[in-house]
Amino acid sequence: MPKKFKVNLNPKWCKSCGICVEFCPKRVFEFSKDGKVRVVREGDCIGCKNCELRCPDYAVEVWEEEA
Ligand code: SF4
Ligand code: SF4
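Notes on the structure follow. (Residues numbered from 1 in each chain as written. Chains lettered and ligands numbered in written order. Predicted model: local features only at pLDDT ≥ 70, side-chain atom pairs only at ≥ 80, totals over all residues. Heavy atoms only, no water.)

**Some remarks on the pattern of salt bridges**
- As enumerated under the stated definition, the model contains five salt bridges in all.
- A salt bridge links Lys6 to Glu42; its shortest N-O distance comes to 3.8 Å. Here the residue Lys6 occupies a position in strand 1 (residues 5–9), and Glu42 occupies one in the loop between strand 3 (37–39) and helix 2 (50–54), the gap between them amounting to 36 residues.
- In this structure, Glu30 and Arg41 form a salt bridge, with 2.7 Å as the shortest nitrogen-oxygen distance. Within this pair, whereas Glu30 is found in strand 2 (residues 29–31), its partner Arg41 is found in the loop between strand 3 and helix 2, the two being separated by eleven residues in sequence.
- Among the residues examined, Arg41 registers a relative accessible area of 28% and is labelled partly exposed. (Salt bridge = Lys/Arg side-chain N within 4 Å of Asp/Glu carboxyl O. Helix = DSSP H or I, 4+ residues; strand = E, 2+ residues; numbered from the N terminus. Buried < 20%, exposed > 50% of the residue type's maximum accessible area, 1.4 Å probe, protein only.)

**Let's talk about the site of ligand 2**
- Every residue lining ligand 2 is accounted for by Cys24, Pro25, Val28, Phe29, Cys45, Ile46, Gly47, Cys48, Lys49, Asn50, Cys51 and Val62.
- Tallied by class, residues from the shell around ligand 2 come to nine nonpolar, two polar and one charged. (Near = heavy atom within 4 Å. Nonpolar A, V, L, I, M, F, W, Y, C, P; charged D, E, K, R; others polar.)

**A look at the site of ligand 1**
- Around ligand 1 sit 13 residues in total, of which Cys14, Cys17, Gly18, Cys20 and Cys55 are the nearest.
- Counted by class, the shell around ligand 1 contains nine nonpolar, two polar and two charged residues.

Below, the structure written as structure tokens:
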């Protein structure tokens, strides 16, 4: 079974700067119509933690889902 990951974006801390949208290799994040960044393809996450490491506001958390 391939590993599965949870991607949590804290909307209270996120300022929708777009860094995670830019750096996620799997395009897990997207700008929604209201200009806010959302998790749209959590199932595609490979757990590289680029988003977690690069988010300037510590608004993203990624962890491996228990099987
Ligand atoms: S990098 Fe962080 S603050 Fe910027 S859009 Fe992503 S979650 Fe929000
Ligand atoms: S851990 Fe990697 S693949 Fe998963 S959402 Fe973050 S940047 Fe994208």
